Amino acid sequence: MTHKPGTFLNLFVTQMNSHEIILEDADKNEFFMPSSEQSHKLSVGAEVMAILYTDGSDLWASMRLEKHANHDIAGYNQNDEVDLYIIKETPLGYKCIIDGAKIGMLYKNEVFQKLETGSQTKGYIAKIREDHKIDLLLRAPGHHNTGDISEKIMTELKKAGGFLAINDKTSPEKIYELFGASKKKYKMALGGLYKKRLISVSDEGISLVK
């Protein structure tokens, strides 16, 4: 197998010193990583996700994926549909490989389903930042406007006999399950229905106005 710059690999640390780290892939191919390219301190035996890059004529490995993958993001635009491979869960969300070539982040407050490391899914580019970091979404931006959500709220209320036990303590996951929207967008739609006097809101839940 020919390895080239921009390739993502799972590598294992076999040796290290103060200047560089030696790693191997599953086929025992050897790669070198400057110590400065660690994203966190490593030890022998550790498994890491790395990207290959060139420095002159030499091929190196790095754990700083965005630094090397996203230096050129020509051809990618907001709202583009992309293929995502989940590589890591972080406190912010899920780090993903985009189309096998770039790195992006799915933020937890925009994810309403369980995602496993190693899984693949479709996604969308929400924003490309000035520092070339890419924000992602699982649903197309603008997929639900408040009108769509309002209709869904009314439909679910009618199906439930005019009352749903949903209040401020209801989880974002439950809101998404019922209405396919974030809690923020749900509240915006709910406010519109309340102003039109189509629903009433209490600590117990929401009700159709008869």
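Thresholds, definitions, all that
- Residues numbered from 1 in each chain as written.
- Predicted model: local features only at pLDDT ≥ 70, side-chain atom pairs only at ≥ 80, totals over all residues.
- Heavy atoms only, no water.
- Helix = DSSP H or I, 4+ residues; strand = E, 2+ residues; numbered from the N terminus.
- Expected span 1.5 Å × (residues − 1).
- Buried < 20%, exposed > 50% of the residue type's maximum accessible area, 1.4 Å probe, protein only.
- Arc of directions from axis to C-beta.
- Polar contact = N/O pair within 3.5 Å; in protein donor to acceptor, adjacent residues only side chain to side chain.
- Contact = heavy atoms within 4.5 Å.
- Core = buried A, V, L, I, M, F, W, Y, C linked by side-chain atoms within 4.5 Å.

### Some words on helix α4 (residues 183-195)
The α-helix winds at 3.6 residues per turn, so residues separated by three or four positions along the chain end up facing the same way. Taking 1.5 Å as the rise per residue, α4 with 13 residues should run 18 Å; its terminal C-alpha atoms sit 18 Å apart, in good agreement. All buried positions along α4 are accounted for by Lys183, Tyr186, Ala189, Leu190 and Leu193. Down the axis of α4, the smallest arc covering the buried residues is 125°, so these residues share one side. Facing away from the buried side of α4 by over 90 degrees, the exposed positions are Lys184 and Lys195. One or two steps after α4, the chain reaches Arg197, where phi turns positive at roughly 60°.

### Considering the side chain of Asn70
Inspection of the secondary structure assignment puts Asn70 in the loop between α1 (65-69) and β6 (81-89). Residue Asn70 is classed as buried on the basis of its relative accessible area, which comes to 2%. Reaching out from Asn70, the side chain makes a polar contact with the backbone oxygen of Ile103 at a distance of 2.9 Å. In this structure Asn70 touches Leu65, Lys102, Ile103, His132, Lys133 and Ile134, once residues within four positions along its chain are discounted.

### Description of the environment of Ala140
Counting through the fold element by element, Ala140 comes out in the loop between β10 (134-137) and α2 (146-159). Overall, Ala140 belongs to the partly exposed group, its relative accessible area being 25%. In sequence terms Ala140 and Gln113 are 27 residues apart; their C-alpha atoms lie 16 Å from each other.

### Regarding helix α3 (residues 172-179)
Those residues of α3 that fall on the buried side of the exposure criterion are Ile175, Tyr176, Leu178 and Phe179. Looking down the long axis of α3, one finds its buried residues gathered within 170° of arc, a one-sided arrangement. Backbone geometry just downstream of α3 places Gly180 in the positive-phi region, at approximately 65°.

### Here's the deal with the nonpolar core
Soluble globular proteins: nonpolar side chains tend toward being buried together. Ranked by internal contacts, the top residues of the largest apolar core, which has 16 residues, are Ile153, Ile166, Phe179, Tyr186 and Ile206. Of all the secondary structure elements, the ones that give two or more residues to this core are α2, α3 and α4. In terms of nonpolar packing, the next biggest core, distinct from the first, is built from 15 residues, Ile86, Tyr94, Val111 and Ile125 among them.

### Observations regarding the environment of Asn109
Summarising the element assignment, Asn109 is placed in the loop between β8 (102-107) and β9 (120-128). Judged by its relative accessible area of 59%, Asn109 falls in the exposed class. As for Asn109 and Glu173, which are separated by 64 residues in sequence, their C-alpha atoms are 9.9 Å apart.

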